[in-house]
Amino acid sequence: MLVQTTRLFPLIISHHLHPSCTRSVRQTFRWSGGSIAAASRGLRSMDPGAPTTNASPTPAEFSAESTNPAATDRIGGQETTPPVGLLPGETVVREGKATILFPSANEVFYNPVQEFNRDLTCAVITEFARDLLAQRGVKVVVPGEKERVVVSLSEEANEAGIQTEEKDGVEESAVTATVGEKCEHGLRVLEGLAASGLRSVRFALEVPGLQSVTANDFSTKAAALIGRNAQYNGVSHILQASCRDASMLMYEMRGKKDRYDVIDLDPYGSPASFLDAAVQAVSEGGLLCITCTDMAVMAGNSGETCYSKYGSVSIKAKYCHEMALRIILHSVDQRAGVYQRYIQPLLSVSVDFYIRVFVRVFTGQATVKNSASKQALVYNCVGCGSFHLQRMGRRTSNGKHMKYSAATGPPTGPECEHCGQRHQLGGPIWAEPIHDLAFVQKVLSGVSGNPSRFGTSKRIEGVLSMVTEELEDAPLYYTVDSLSSTVHCNTPPLLQFRSALLHAGHRVSLSHACKNAIKTDAPPAAVWDIVRCWEQANPVKREKLSPTSPAFKILSTKPSFETSTCPQFPSGPTDSCNEVDNNLLQHFKVQGVHKVSLQF
């Protein structure tokens, strides 16, 4: 009878969540301790030696049981033989502090490659909570992290503090928020597309200062699994499962008192259909975390589809990964502007097969007027890859007032001045900085100061170190291999090419989005002058070049520098480049996806 009850348990859950039930699936799931305990007693009764009153095993108890080699086999971090307390066919996946139950069939999606994404998100939300809750008088405490000492440099603040202490007699202690505990003044978090709830469980277990976490999924099976995983990890007091359409859920929470402090959207493809609801449902100064995995669309393979989803035309170019980041930022800012809101990007990264952006959303009618001047069209030469940006609007300061007008253009002629080929028109894209370097430095300090907190800490350090070195005001980038390929010459070493730009008086940096990228404030003419200088030292057989080719046209023009003053290509990196070079090497070594050698 007990075995029969156990086999009927999935059917009972399915019936409980079926849309035809009197209770609609659109209601939020709240798993009571009694129902879970009763279900657990039924599952535990499969063990002949276990009393029927025992509760389901906790992650700690499960760890002790799984140490018995006879009871389980471990392959790739998963349990091939289910331990006691699991439904038939279920496996266990451990990531971070979470222990997640997964069905054997692909009923609920799990992607282990996204562990970096989830680790980075936990790190970003932690620093966001630290900054936001400090204004509410709450101190965030992270396990394993050294206590941060904040020193006020304001004499007035210090004097006011002394007077308050003398008046009260006793200094009032700050409220502390730790992981796994509900904070009454903490953040309200929504994961719109939660699947198994792994990300939300990790938030509840690893991010301090949370008031509530809502893990939503449209699938009834996924919502049921979220409830079980919340109970299994002991975070039901913070995490609630929800089975709703994500957009409808966010639309219903648009009220100022109902909005979420953090909204995380990580769909299987495009997040475009959720953006309008998300920019309304996030609180003032709240955080949006958005993932895009439809990189084929955003990288230029289907520009018309990109326009229909994001309001921007993508083009095939070497800088397509950074352009994809700027496209999604443009789209979010455009949706927010409809409701007199605007965005402030904190961190934008292109990693593996997806892009991830973290932005804050604010309200301000006056600031929204700046939106047009923050967007730009891209003129991209199909022959040599030179690009120019055309701002969509213009703003000029007139004393205390700001004057807005239409932008003037175009920035280039109908044909490329360097190779004579035509231009492609892409965009609009976000043309302002895509990172808040001060915030990124806080996240980097938090991760590097507590390396055991995340499994991908080294990679996070590498990526964020590269981000902190990027030029803020130089959108898009060139790649050294594409420049040399255009003129059919040998590829100059990355560091030597960068040194030449520095010696020519231009600012230059690398990019986390591409291993051979060069971001610079140098105009295209200066970049091609340096390429010509390199070609003089490594000559190309001109007789083999077609007179109509971009290479022939570019090399037919003499460098604007005299031969004696042509920027030099040193035999090795300069001392000022070493720190950035080490960050680049660490970033791409840890990625394990690209291979790069900086030895020359």
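About the criteria used
Residues numbered from 1 in each chain as written. Predicted model: local features only at pLDDT ≥ 70, side-chain atom pairs only at ≥ 80, totals over all residues. Heavy atoms only, no water. UniProt positions renumbered as here; feature names shortened; annotations may be inferred. Axes fitted to C-alpha atoms, helices over the stretch in contact; angles between N-to-C directions. Helix = DSSP H or I, 4+ residues; strand = E, 2+ residues; numbered from the N terminus. Parallel < 35°, antiparallel > 145°, perpendicular 65-115°, else oblique. Left-handed = near helix turned anticlockwise from the far one by under 90°. Contact = heavy atoms within 4.5 Å. Nonpolar A, V, L, I, M, F, W, Y, C, P; charged D, E, K, R; others polar. Pairing = 2+ DSSP bridges. Expected span 1.5 Å × (residues − 1). Buried < 20%, exposed > 50% of the residue type's maximum accessible area, 1.4 Å probe, protein only. Polar contact = N/O pair within 3.5 Å; in protein donor to acceptor, adjacent residues only side chain to side chain.

For the protein, the name recorded in an unreviewed UniProt entry is tRNA (guanine(26)-N(2))-dimethyltransferase, with Amphiprion ocellaris as its organism. In its Catalytic activity (unreviewed entry) section, the UniProt entry covering the protein states "guanosine(26) in tRNA + 2 S-adenosyl-L-methionine = N(2)-dimethylguanosine(26) in tRNA + 2 S-adenosyl-L-homocysteine + 2 H(+)". Database annotation for the protein, UniProt heading Sequence similarities (unreviewed entry): "Belongs to the class I-like SAM-binding methyltransferase superfamily. Trm1 family."

Student: Mind showing me how you'd approach the packing of helix 15 (residues 437-448) against helix 16 (residues 457-469) here?
Tutor: Pairs of packed helices are described in terms of their axes, by the angle between the two and the distance that separates them. Helix 16 packs onto helix 15 with a crossing angle of 155° between their chain directions and a minimal axis gap of 10 Å. In this view, helix 15 runs roughly antiparallel relative to helix 16, as classed from their interaxial angle. Here helix 15 and helix 16 pass one another in a crossing that is left-handed. Residues L437, V440, Q441, V443, L444, V447 and S448 of helix 15 pack against S457, I460, E461, L464, S465, V467 and T468 of helix 16. Tallied by class, residues from the contact of helix 15 with helix 16 come to eight nonpolar, five polar and one charged.

Student: What is the right way to look at the sheet that holds strand 19 (residues 423-430) in this model?
Tutor: Either a parallel or an antiparallel arrangement is found when strands of a sheet pair, and the pairing is made through backbone hydrogen bonds. The strand order across the open sheet formed by three strands is 16-15-19, and the pairing between neighbours is antiparallel. The outermost strands of the open sheet, each flanked by one partner alone, are strand 16 (387-391) and strand 19. On average, each strand axis in the sheet is inclined to that of its neighbour by 25°, with strand direction left out of account. Examined bridge by bridge, strand 15 (residues 375-381) and strand 16 share five bridges and lie antiparallel to one another. Within strand 16, the position partnered with V378 by the bridge is L389. Packed onto the sheet, helix 12 (residues 320-337) meets strand 15 and strand 19 and runs at close to 55° relative to strand 19.

Student: For this particular structure, what's the right way to read helix 7 (residues 220-232)?
Tutor: Owing to its 3.6 residues per turn, the α-helix aligns residues three or four sequence positions apart on the same side. Taking 1.5 Å per residue as the helical rise, helix 7 with its 13 residues ought to reach 18 Å, and the 18 Å between its terminal C-alpha atoms agrees with that figure. Counting buried positions along helix 7 gives ten out of 13 residues, so the element sits mostly inside the fold. Within the span of helix 7, buried status applies to A222, A223, A224, L225, I226, G227, R228, N229, A230 and Y232. The backbone nitrogen of K221 lies 3.4 Å from a side-chain oxygen of the residue at the head of helix 7, namely S219. Positive backbone phi, approximately 70°, marks G234, located one or two places after helix 7.

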